[in-house]
Amino acid sequence: MTDKTPLDESKIAEARKEFDFFDQDNNGQIDLREFIELLTVLSPKTKVSHVKEGFSLIDENDDGFIDFDEFLEWWQDGWWEY
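Residues numbered from 1 in each chain as written. Predicted model: local features only at pLDDT ≥ 70, side-chain atom pairs only at ≥ 80, totals over all residues. Heavy atoms only, no water.

Explain the pattern of salt bridges to me, please; I cannot follow it from the model alone.
Should their charged atoms come close, side chains of opposite charge can pair. A full pass over the atoms with the stated rule returns one salt bridge. Notably, a salt bridge pairs Arg16 with Asp20, separated by 3.5 Å at the nearest N-O pair. Of this pair, Arg16 and Asp20 both sit in helix H1 (residues 9–22), four residues apart, roughly one helical turn. Note on Asp20: relative accessible area 38%, which makes it partly exposed. (Salt bridge = Lys/Arg side-chain N within 4 Å of Asp/Glu carboxyl O. Helix = DSSP H or I, 4+ residues; strand = E, 2+ residues; numbered from the N terminus. Buried < 20%, exposed > 50% of the residue type's maximum accessible area, 1.4 Å probe, protein only.)

Shown next, in the form of structure tokens:
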């Protein structure tokens, strides 16, 4: 694992805004359906076959949801920018 520069408050707020937008049922978590919507917007070239794999990688505690802390780490990694 590489060391990361902590995000400043504006970047965290930006990530929170994105998270809240894709958390369509406002339960504080992104489920697989919401994640598919997220990738459709942020990374439209993502292959369907990689969606579940990507979801599993982000869902570090394997509870079937992406919480904000997991999302923030993924957001900070910038994976979705490629």
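Explain the environment of Phe35 to me, please; I cannot follow it from the model alone.
By secondary structure assignment, the location of Phe35 is in helix H2 (residues 32–42). As for Phe35 and Phe65, which are separated by 30 residues in sequence, their C-alpha atoms are 9.2 Å apart. Beyond its immediate chain neighbours, meaning those up to four positions away, Phe35 contacts Ile30, Val51, Gly54, Phe55, Ile58 and Ile66. (Contact = heavy atoms within 4.5 Å.)

Explain helix H4 (residues 68–77) here, please?
Structurally, the α-helix is built with 3.6 residues per turn, so residues lying three or four positions apart point the same way. Regarding H4, the residues found buried are Phe68, Glu70, Phe71, Leu72, Trp74 and Trp75. Tucked into the core, H4 has its buried residues touching H1, strand E1 (29–30), H2, helix H3 (48–58) and strand E2 (66–67).

Is there a simple way to explain the side chain of Asp23 in this structure?
Take Asp23: it is sitting in the loop between H1 and E1. Polar side-chain contacts of Asp23 include one of 2.7 Å to the backbone nitrogen of Gly28. Not counting residues up to four positions away in its chain, the partners in contact with Asp23 are Gly28, Gln29, Ile30 and Glu34. (Polar contact = N/O pair within 3.5 Å; in protein donor to acceptor, adjacent residues only side chain to side chain.)

Looking at this model, I keep getting lost on the nonpolar core. Mind explaining?
Generally speaking, soluble globular proteins have nonpolar side chains that are buried together. Counting 16 residues, the largest nonpolar core has Ile30, Phe35, Leu38, Ile66 and Phe71 as its most contacted members. Elements with a contribution of two residues or more to this core: H1, H2, H3 and H4. When residues of this core are assigned to their parent elements, the largest contribution, five residues, is made by H4. Once you skip the residues sitting within four places of it in the chain, Leu38 turns out to touch Phe22, Ile30, Ser43, Phe71 and Trp74. (Core = buried A, V, L, I, M, F, W, Y, C linked by side-chain atoms within 4.5 Å.)

What should I look at first to understand the side chain of Asp31 in this one?
Among the structural elements, Asp31 can be located in the loop between E1 and H2. For Asp31, the side chain forms a polar contact with the main-chain nitrogen of Arg33, separated by 3.2 Å. Looking at Asp31, its side chain comes within polar contact range of the main-chain nitrogen of Glu34, at 2.8 Å. Setting aside its immediate chain neighbours within four residues, Asp31 contacts Asp25, Phe55, Gly64 and Phe65.

Teacher, can you tell me more about the environment of Lys11 here?
Structurally, Lys11 is set in helix H1. Lys11 gets classed as partly exposed once you look at its relative accessible area, which sits at 40%. Linking Lys11 and Leu72, residues 61 residues apart in sequence, is a C-alpha distance of 9.6 Å.

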